[in-house]
Every structure is written in structure tokens, then in C-alpha cells.
Amino acid sequence: MKLESNAPSGPIEKKWEKHRFDMKLVNPANKRKYTVIMVGSGLAGAGGASSMAELGYHVKSFCYQDSPRRAHSIAAQGGINAAKNYRNDGDSIQRLFYDTVKGGDFRSRESNVHRLAEISVEIIDQCVAQGVPFAREYGGLLDNRSFGGAQVSRTFYARGQTGQQLLLGAYQSLERQIGLGSVEMYPRHEMQELIVIDGRARGVVVRDMVTGEVETHIGDAVCLASGGYGNVFYLATYAKGCNTTAIWRAYKKGAAFANPCYTQIHPTCIPVTGEYQSKLTLMSESLRNDGRIWVPKAKGDNRPPHQIPDPERDYYLERMYPAFGNLVPRDVASRAAKRMCDEGRGVGPTGYGVYLDFQDAIQRLGRRKIEEKYGNLFEMYERITDENPYQTPMRIYPASHYTMGGLWVDYNLMSTIPGLFVLGEANFSDHGANRLGASALMQGLADGYFIIPYTIGDYLARHKPEAVPEDRAEVRAAVEAVNARTKRLLGIGGKRSATSFHRELGRIMWEHCGMARDAKGLQEALGMIPALREEFWKNLHVTGTGTELNQQLELAGRVADFLELGELMCLDALERDESCGCHFRLEHQTAEGEAKRNDEKFCNVAAWEYKGDGVKPELHVEPLTYEFVHLAERSYK
Amino acid sequence: MKITLRVWRQKDAKSEGRFVTYEAPDISEDMSFLEMLDVVNERLLEKNEEPIAFDSDCREGICGTCGFVINGRAHGPRARTTVCQLHMRSFKDGDALTIEPWRADAFPIIKDLVCDRAAFDRIIAAGGFITAPIGSAPDGNAIPVPKTSSDLAMDAAACIGCGACVAACPNAAAMLFTSAKIAHLGELPQGQAERPDRVLRMVAQMDAEGFGTCTNHGECEAVCPKGIRMEFIARMNSDYLKATATAGRRPTGLDEGGAG
Amino acid sequence: MPEARGFLGSSIGRKIVMAVTGIILVGFVLGHLAGNLQIYLPNGREAMNAYGEFLRHFLHGGGLWLARLILLVAVILHIWAATSLTLSNRAARAVGYRERTWTESTYASRTMRWSGVIVLAFVIYHLLHFTFGTVHPSFVPGDVYHNFVAGFQSVPVSLFYIVSMVLLALHLRHGVWSMCQTLGLAHPRYRRWAFAASWAVALVVLVGNVSFPIAVLAGVLK
Ligand SMILES: Cc1cc2nc3c(=O)[nH]c(=O)nc-3n(C[C@H](O)[C@H](O)[C@H](O)COP(=O)(O)OP(=O)(O)OC[C@H]3O[C@@H](n4cnc5c(N)ncnc54)[C@H](O)[C@@H]3O)c2cc1C
Ligand code: HEM
Ligand code: HEM
Ligand code: SF4
Ligand code: F3S
Ligand code: FES
């Protein structure tokens, strides 16, 4: 397996332009003869499907929800970055590029990141034209806010529902194409297998989740935009249905999986209350703009927060990082919170929580202003915790939130399987070892609206549209694999529910492959996960049949894949014997407890190739070179 | 706390359904309603009984996947709250709760509490968009939008498409949902070009799906988790009247042929 | 996109028909009430009869017929729209709920069909009573005052009038507000006014109309 980034040569700011010119075009009259399969209807998927359909391709689009509008992108709250420099505060494409590379702790591909920064500007224009109701100033122009990890104000937002509004924009464009007949939409369909023929990705096998029917769909190229795999931790800010199945099956068909251990833990989530907890709720990071984070100075100080006077509070982020204060990047903020709690200074019934306090901001800006900015977030917090954040500080704790890792892709977003493209959070591309706030939405839309329409054309122009007979051996084998698996899951007849396995896996991952990792813990996990997996396949209990809506069966299938992925994550985390971004190895830290990179050995992308069940996957390495940003220690002091 | 549930069970679209009673002891009031159902389901599984099927995804009140009727109220007793955000502390120990799926012919039941809301997607496909091909947009600040307009548009755009409005409406009307999208796009300068067409097409689709008609009961507004207001229905009505009055004003479409 | 069923085929079109005919009917009820209130004038008998005379000769006799025509068409359209909307609304939910908790809808809003039908029955009886005199004990064509006072002497008839007026008021309590909403008075500020107006119209119609049989029975009008 060769990892060719296929990034064009030349000065960084000319690469994308040059590449667009160099790429082949498909004759407009021929476009409708090509069918593109799109798995996922989030920002990346809906954006990609609608823009390719606009160009004239025939698109088949799949999602597991009952409507494409419900993809997990809907839940993003905070905002989307763009280097518009509308604030005149010194922003530029160059600066967004630099911030993103640095934020990713120098583990991303320069050429991709620069392209992302360039496109960011067009995304805002596109979304405004579609009717996304971004926040406005009184003069009618677009408003901005600042977001973690940046010193300029470049984040566009629509109240606390930015993801929702961006997704509805993409969804509406998608529905328009569905109405016009250029996109065929298959909601409540789960992709379960990739079809590879003559070395090219040519289709998918999906299960109709209502009837249980197993269908094959053939196309000239396949795009996966199936989102992140952070639900491997069980408790996460992801929607319950988010899964790794689509990319995992592609991995098992030969697509390399890059940097699986890069997972982001978000600092501002509502802490866990009990064993029954099914998910964690994120409070947008934008809250850190006006909220101050603190814990009591003394250990085990159980007084209610308002009884703790200011001098006895430790505003630890402001103390440790005076330049960025409460706005340090997520990984830094999360680890600091963990450290405070590990020191015994955590708050709340479990001791796993820190305060996020708005008293000062309310005094400074007035309650009205705070309400306008964060009203719906405050409401949400109150609904969940029954506490009023206008009066008592919020309690927050980190939770799994984003996965920087994903299928390896080249500059064209193509994986190591020709014809298999991967978009959005499902790929590994732009965020290195840590993603900055408000940049996932940007990447999803960049991939979907502005990159894939070009690069897929270049690929398709090299291949004639041609049908694949349903009875090809590869197609039959893929269908057979899906059927066999369903049968196997239904036939175990054990005692434990899929959820109980998922919860246990989550606990292992959170303990050993979470915010802080070390060789010993990872090795332990590498022993525990296969054992758990073995028990899963012996002792799983799934009711019902495969020919109906069967939520237990769906769950079991997803957990089965997480049980394999978890192992790969630990392996990758163990192999990467350095700290970088969100991957924090306890063995490698500076005196102040910051991540210490090892650029000599690990300035690279780790891409894993599947070699068969029970066989150690093979590690391939794509070296990263920094021509335009200088490798430096990331410091937010 | 201990709760008694009377739940609608229906094997699939074609089968007859019925209510089945379950006892749910040892429920914590910090659980969300869906977490309570998760616990009930885990216990059913232990007894090798089929768990209750219900839809959910984000579990934070934004995706619009969840929803059923609790004691005759869509999304349960708490205002502006989806069932996934509803917590058991809204109930008392010993409460008996009747749980039913959304009921409307345009939302056929798939299984238990799960129904098919694809009709909403088709209403959007009929006109709930602004035609803006990718790549053709002017600068984001080229069209100033008065803050009031963008705020109002945002109020309307907050709809999560959950279908509670239909479920609660005595006429099973989808007018709150449809009007919210029409108001969102109609409030913005970008949405003006297609405004008359949009309302005519979306209303035609809404009718074709077999939803009822609004007679201004206001139940929809009361259960809407996102606070979508009936004033949008009034706006849609007047948009519809205006669009009907001006319909037929069509260009001739004569092409003089500009080739060469 | 489905074939547009045209304005009258569409849900909103029929609602608008409902509302526009509603305006006409409300206008009539209010005007009629104002006319009837003349009976309380010191020269009530002459005023009423002159008013009746005026109506019959307005526009050389054509005015009354024109008004009757408009009313008749309005009633027919109103009933047609009400029936067809009711049918499609019923069809929109074939299987109902086992339990319902109402929050915003009112008794008035949920009983529009019944209150409407009863008001229609009332109107038919009323026409036979005061216009054609068929069911009137001592009908004298042209002597409106006499017919009026004599007509309410019967307690059961008066009671029927009073009950009908309560239902009419109920119909208007929801109807007037609904009309404003249907015709697109969307601003939240108008919403309060529309509510106030619907209460006001309902109360005026109720108090005004109910006062007649009571006044007759109490012997105030003789
Ligand atoms: C709570 C929260 C808040 C966030 N806030 C922000 C923010 O403020 N700013 C920011 O930039 N980013 C934010 N993010 C991150 C960002 O939302 C996501 O990274 C991004 O939306 C991912 O988009 P996507 O299109 O790649 O995937 P998704 O939106 O996750 O969509 C995945 C799609 O794939 C489909 N799918 C998955 N598996 C299958 C399968 N097997 N078969 C068929 N279909 C499948 C799903 O149905 C879905 O349509 C947030 C994330 C979370 C969890
Ligand atoms: C057979 C007789 C009648 C029936 C079945 C009937 C039924 C209805 C129904 C179902 C509505 C719709 C309710 C709504 O939209 O909220 C309505 C509205 C209305 N009705 Fe009637 N009605 C009848 C007679 C009358 C009469 C005699 C009057 C006036 C005196 C009247 C005045 C109104 C008004 C003002 C409205 C509001 C219109 C609107 O909703 O936009 N109705 N009626
Ligand atoms: C208690 C209240 C009412 C009284 C005392 C009353 C009295 C009368 C009288 C005396 C007439 C005959 C007038 C004439 O021939 O010159 C009349 C006619 C009529 N009334 Fe009433 N009325 C009352 C309420 C109503 C209401 C509520 C309605 C309708 C909803 C109504 C509808 C009519 C109609 C349609 C006519 C016939 C008009 C015509 O000649 O075409 N009335 N009424
Ligand atoms: S209008 Fe409200 S109730 Fe109706 S679908 Fe939208 S959010 Fe749900
Ligand atoms: S409840 Fe139904 S009647 Fe109208 S106001 Fe709401 S749609
Ligand atoms: S599960 Fe998403 S809104 Fe309830």
C-alpha cells in the first residue's frame, strides 16, 4: 500500500487553483450517466450530494435516520469559522491556515489545511445565499464571535444552533434535488458493506431498517460521509446512532484507517449523574467567551459555590495560561479540568466537575445580553440539571466529542481504494491531532460543497460509466457477508444486551485511551477488548428477527464494529509514543504538564491496513513536511 | 420512584396494535424519559420480551427524531421540551402514564411508537428552499439583512421537524411546520424571488399528503418544543392569498435565440 | 409537485372562504342587532316598523333582495367549506388517541361544527317565525313590532332563542379570532386585539340578542 498525498506542487496559496485547472472535466452531457453513491446526509454528505446533483450527476444518498435533516451535524451549536476578516482584527486566510495547523499540533497536511482556509470564505457566502439566518448586527451585516484557540473573532453563528441551520441549508438544497429527481434518497437505510470490483469501489450493500431487506446499490464511485466514531466511548456528545460501521467495513475492504487514536475530548459538557446515563450533553464552547472556569482552592471544599469567596477560588485556566485564559484549545482545557478533579478539587456530587461561572459577565454585560447570546444553552442546562445558571454556576466536565482520525484520504479526498471518497468527520484530513472549535462544520461543508464536486469529476473522467451485473461474485459475496452477520448476531442466544457490552467497552476506552494514556494502560486495554469481544460473540442477546424494524439488532451490529475499532485505537495510541494535541501520553509531557511532541519520529500520519481478523494490522506512514508553517512547540501561555 | 406505563405496541404497519401495561420500579428522577424507557427495555430483554421500539438520536432536543404522546400531550407535560429532554422529575412517584405514537394518517405507524414522517421531507422538497447553486453566491455581506428579520427568520427556522404539531392538532394539520419554513425563507431578502411560488407549492404538497386544515385551535403552538408561533400560520395564509391573487403573471418565455 | 387543486380545492383556500363568508355573516348579525335595538327607542314601535319599511323599499325593493342573495350565498359557501374541511380533517386522523389533554384549544374552538349547525337550525326556525310567520301565533305582515313582541310571549320559544344565542356567541368567540388569523393578521400585537375583538363581538351579540326575549317576558316591551 502506497500513501500518495497527491498534493500539487507550487506555492501554497496557488496549489488548489492550480489543481483545479489540472483536473479533468466530465462532459456535461455525460454527467447524468454516472451514478455516485453517497453514504451520509450530514453537512459533508448533504452538501456533497446536492452539489454533485446540481452538476448533473445521478446521486443515491443514504442515511440511517428517518430523514436526512436529522444527521448529527444538526447538533453543532457554536459556530463556523471563516477568514472573512469582517472584524478588521487581523484575520486572513494565512492566519486561519496557521491557527489550524498549530491547533492540530503539527500533525495535519499543510496543503489540505490551506485549501480549507481558502474555501472557508466561500462557504459563508453560499450559506447566506441559501437563507441560513446567521446572527446580524443592527446595521444588517454579519456578526461574529470568538472561539477557543483563536485570538481573532472569525466565528459565524446562528444563535446556539449553527449546525442545525447549516444542515437545514444543505438539507433543503438536497431536498430540492430530490424533488427534481437527480438525487434518490434512502433514509432509514444502513450501509453494511462496501462493494469493490476490479480494485475500484463500485457500490454498497445496505439494510432497509424498516423491512430488513438487504439491497445492493451500484455506482461509479462511492462517497462515505458517515461522521465520527466517538461513540466508541459509549458516553459521548454524539447522537445515539452515530457509528463506525460504514468506515469500518471500508477499512476491512482495504481502505487505510489513519490516526484512529486522535479523539477529542470536549471540555464543556454536563457531568454524568448515574449509571443509566445514555449520553452526555455538550454545552457550546462559546460559553467560555464569557464564562470563567474555576474550582475551589482547597481540596474537598463542599460549600455551595456562592459561599466560596473570590480569593478562595482558583480560576486555573486564567492562572496557567494568561494570554488565552479561558479560551485555550479544547485539549488543554479538558486536561486541566481532569487534573483539577484528580487533585480532589472537583465539584458536584461525583467530584467530577468544575464550575463555569457567568456572574461577572452578567454584571458586566447585563442579563439581557447574556440571554441573547446563550439563552437556549442556559435553558437546555436547566432542563437537564434543574439548576438555573443565571444564579448558580454551571458544572461542566469533559466528554468525547470529535474524532480527528478516520479513513486516510489524499488531497482529492480519495481513500486507498480507488473510487472510494471520504468526506467530513469520517476522514482524517484537516485537523491533525486536535480540532479547533468551529472548524468541523467548515470542513464538512468545504468537502461537500467545494472539493468533492471537482475531485470526483477528475476521477470519473478517467472511467467510463458502466453497469455491474447483480450476480457478479463480489456483489454476491458482499450480500452474503451481510446476511451471515445478521444471522450470527441473531443466533447467539446469550444473556447480555448490546448496550451492556457497549457500556463496558466505553469504560475501558475512557479509562485507558481517553484524555490521558500510557503504555501500561493501553496494553491492558489491548488485553481486555479482545476478551470482551469474545464474550460479545458468545453471550449477546438480541430479540426479534432480521426482517423487521429491530433496534436491538442495529445496536448489536454497531457495537460489534466498535469492539474492533477500539482495539485499533489502542494499538495506534500505543504505537504513537509521543504526546501531540489530544493524544496525551503521560510518559511525554513538559514540566508544566503540556503535550511533548517527538517530531523526529512522529511527524507523520499513521495509516493502518487491515490484514485479516486476529492479525495485527500493518502500519503505513505518510511523512508530514512543514514548508510554510514552522514546527514549533504549541504554547498558549 | 415507581411508574406504571401503558404503552401502544404494534408489530408493524399492517398489524393491529394494543396497549400493554408495564410496571417500572426503581426509576431515578434524574433520568430522562428515554433513559427510563431504556431501563424498561433492558428489563424486557432480560425477560426475553421484545423491547419497546421508539425513535431517538441526538437526545438533546435538536434532531427532532424523538416524540410520542404522554397522557394525551405530545412530548409530555413540560412546555418547550422534547421527550428526550424531559426528565422524570416532571412526574410523581406512582404516576400512571399512557404512551401513544403520533397519530395522523400522513404519519403511518411503522412499529410501536415509531412512525414515518417522510411527508415532511416531501413538503420541503416541494419548495422549502432557496435556489442558490453552489458557487454562485455573492459576498455574505452584500445583502444586509435587518437584524429583526434575521432574528424572526431564526425563530421560524428553529423548527426541528419533530411532528408534534401534527400530533397535537385536533385536525392533524401540518400548518405550523409548513408555515415555519415559509416564514423562515420569506422573511429574508434572499427568499423573496421564490416566495409566491414557494407557498403555493408547499401548501399543495401539504394537502396532497393528507394532513388536515388549521382551524386555529392553537394546540400545536402549545406543544411545539421550539416555540414556533401560530403567527407564522397567519403569515402563510396571507402569503397564500397574495400568491393566488398574483399567480398567472407569467412571462411568455419567447426566446429570440442568441446563438452566434 | 402534485397538481395544484386550485384555490377552492386547497386547504387554505377553503379556510379563506370560511373567513370571508364569516365576515359577511358577522357583519349581518351585528347590523341586524343594531336594527333590532331600535325597539328600545322611546318610539320603538314606529322606529321598528319604519326600519322594516325602509329595508323593504331600499333601492326600490332591490336592496333587500341583493342583501338576501349575498347572505344566502355566504351561508351556502360557509356551510360547504365547513363541511368539506371537517371531512378532510376527520380523514386526516382515522385512528384517534386514547387520551387527550387539551391546553390551548377551547370549548368554543372544538365545538364550531355543533354550534354552527345549531345556529343554522335557529336561523331556519327564525325565518319561519319572523319572516314567513309560519310558526308565529299571530303573524301580521308589515307589523314588525307586533310580531316581535307577540313572538316572544311564549316561554319555550324565548328559551330556544336564548340557548341559540349562547351557541352563536360561542361560535363567534372562536370565529372572529379565527377569521383574523385566517386572513393573516400575523403580528403578535394584533393577536391580542383579535382575541379582544372576538370576545367583544361574542358578548355584544349575546347580551344584545338575549335582551329581547327577556325584555318581552319581563314586560318591558309590550
Ligand atoms: C454536540 C456537538 C457540537 C458540535 N459543535 C460544533 C461547532 O460548534 N462547530 C463545529 O465546527 N463543529 C462542531 N461539532 C462537530 C461537527 O458537528 C461534526 O464534526 C460534523 O457535523 C460532522 O459532519 P459530517 O457530515 O461529517 O457527519 P454527520 O453529520 O455525523 O453525518 C453522518 C451521516 O452519516 C450517516 N451514516 C452514518 N453511518 C451510516 C451507515 N452505516 N449507513 C448509512 N448512513 C450512515 C448518518 O445517517 C448521517 O446522515 C459538534 C459536534 C457535536 C457532537
Ligand atoms: C351550518 C351552520 C354553520 C356551520 C356548520 C359552521 C361551521 C363553522 C366552522 C367549522 C368554522 C371553522 C372554524 C375555524 O376555522 O376555526 C366556522 C367559522 C366561522 N363561522 Fe361558522 N358555521 C355555521 C354558521 C355560521 C353562522 C350562521 C355564522 C354567523 C353568524 C358563522 C360565523 C362564523 C365565523 C365568523 C367563522 C370564522 C371564520 C374562520 O375561521 O376564518 N358561522 N364555522
Ligand atoms: C333575539 C334576536 C333576534 C331577533 C329579536 C330578531 C328579529 C328579527 C325580525 C323581527 C325579523 C323580521 C324583520 C322583517 O321582516 O323586517 C328578522 C329577520 C331575520 N333575522 Fe332575525 N332576529 C334575531 C336574531 C337573529 C340572528 C342571530 C340571525 C342570524 C344568525 C338572524 C337572522 C335573520 C334573518 C336572516 C332574517 C330575514 C331577513 C330578511 O328579511 O331577509 N336573526 N329577525
Ligand atoms: S413546528 Fe414545532 S412541533 Fe412542529 S415540527 Fe416544528 S418543532 Fe416540531
Ligand atoms: S393545533 Fe391545529 S388547528 Fe391550527 S393552530 Fe395548530 S394547526
Ligand atoms: S432525540 Fe433528537 S430531539 Fe429528541
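See the structure shown above.
The rules we used
- Residues numbered from 1 in each chain as written.
- Chains lettered and ligands numbered in written order.
- Predicted model: local features only at pLDDT ≥ 70, side-chain atom pairs only at ≥ 80, totals over all residues.
- Heavy atoms only, no water.
- Helix = DSSP H or I, 4+ residues; strand = E, 2+ residues; numbered from the N terminus.
- Rg over C-alpha atoms; globule rule 2.2 N^0.38 Å.
- Buried < 20%, exposed > 50% of the residue type's maximum accessible area, 1.4 Å probe, protein only.
- Contact = heavy atoms within 4.5 Å.
- Areas by Shrake-Rupley, 256 points an atom, 1.4 Å probe, with all protein chains shown as cover.
- Lys, Arg positive; Asp, Glu negative; His and termini not counted.
- Charge placed at Lys NZ, Arg CZ, Asp CG, Glu CD.
- Pairing = 2+ DSSP bridges.
- Axes fitted to C-alpha atoms, helices over the stretch in contact; angles between N-to-C directions.
- Patch = residues over 30% accessible without salt bridge, like charges linked within 9 Å, V, L, I, M, F, W, Y side chains within 5 Å.
- Salt bridge = Lys/Arg side-chain N within 4 Å of Asp/Glu carboxyl O.
- Donors = N, O, S within 2.8 Å, 3.2 Å for Na, K, Ca; no water.
- Tetrahedral: all angles 85-135°; square planar, octahedral: opposite > 155°, others 65-115°.

Undergrad: Just give me the short version of the overall build of chain A, but keep the residues and values in it.
TA: Looking only at helices and strands, one finds 17 helices and 19 strands in chain A. Scaling as 2.2 N^0.38, a compact globule of 637 residues should have a C-alpha radius of gyration of about 26 Å, and chain A matches this with 24 Å. By principal-axis analysis of the C-alpha atoms, chain A measures approximately 75 × 60 × 50 Å. Out of the 637 residues in chain A, the part that is buried amounts to 68%. Within chain A, residue pairs in contact and separated by at least 24 positions form 73% of the contacts whose partners lie at least 6 positions apart. Carbon together with sulfur atoms contributes 50% to the accessible area of chain A, which is approximately 20900 Å² in total. For chain A, the centre of its 78 positive side-chain charges and the centre of its 80 negative side-chain charges are spaced 1 Å apart.

Undergrad: Describe the arrangement of the chains, listing the residues and the values that go with them.
TA: No other pair of the 2 pairs of chains in contact has as many contacts as chains A and B. At no point do chain A and chain C touch; the closest pair of C-alpha atoms across them sits 8 Å apart.

Undergrad: Break down the side chain of Arg70 of chain A for me, citing the residues and quoting the values.
TA: Along the chain, the position of Arg70 of chain A falls in the loop between β2 (58-62) and β3 (80-81). Judged by its relative accessible area of 2%, Arg70 of chain A is buried. Those residues in contact with Arg70 of chain A that lie beyond four places of it in its chain are Gln65 of chain A together with Asp57, Cys63, Gly64, Thr65, Arg117, Ile160 and Gly161 of chain B.

Undergrad: Give a description of the sheet that holds strand β18 (residues 604-609) of chain A that names residues and reports values.
TA: All names here are of chain A. Taken in spatial order, the 4 strands of this open sheet run β16-β10-β18-β19, and their pairing is antiparallel. The two strands at the open ends of the sheet, each matched to only one other strand, are β16 (406-407) and β19 (618-623). Here 2 bridges tie strand β10 (residues 257-258) to β16, and the two strands are oriented antiparallel to one another. Looking at β16, one finds that Ala258 is bridged to Gly406. Across the face of the sheet, helix α16 (residues 551-575) comes into contact with β10, β18 and β19 while running at roughly 140 degrees to β18.

Undergrad: Residue-level account of a nonpolar patch on the surface, with values.
TA: Residue and element names in this part refer to chain C. Taken together, the side chains of Ile79, Leu120, Val123, Ile124, Leu127, Leu128, Phe132 and Val135 define a hydrophobic patch exposed on the protein surface, amounting to about 610 Å² of accessible area. Looking at which element gives the most residues to the nonpolar patch, the answer is helix α6 (residues 112-131), with 5 residues. Residue position: Val123 is located in helix α6. Residue classification places Val123 among the partly exposed positions, given a relative accessible area of 34%.

Undergrad: How would you explain the coordination of the iron atom of ligand 2 if you had to name every residue and give the values?
TA: Six octahedral donors around a metal ideally make angles of 90 or 180 degrees; four tetrahedral donors ideally make 109.5 degrees. Residues and elements named next belong to chain C. Taken together, the protein donors to the iron atom of ligand 2 comprise His78 (NE2) and His171 (NE2), at separations of 2.0 to 2.1 Å. Taken together, the 6 donor atoms coordinating the iron atom of ligand 2 and their angles of 87 to 179 degrees define a geometry best described as octahedral. Taken together, the residues span a long stretch of sequence, with His78 in helix α4 (residues 62-91) and His171 in helix α8 (residues 155-182) at a distance of 93 residues. Taking the relative accessible area as the measure of exposure, His171 reaches 15% and is therefore buried.

Undergrad: Outline the environment of Ser67 of chain A, supporting the account with residue identities and numerical values.
TA: With respect to the helices, strands and loops of the structure, Ser67 of chain A is situated in the loop between β2 and β3. Along the chain, Ser67 of chain A and Pro187 of chain A lie 120 residues apart, while their C-alpha atoms are 5.7 Å from each other.

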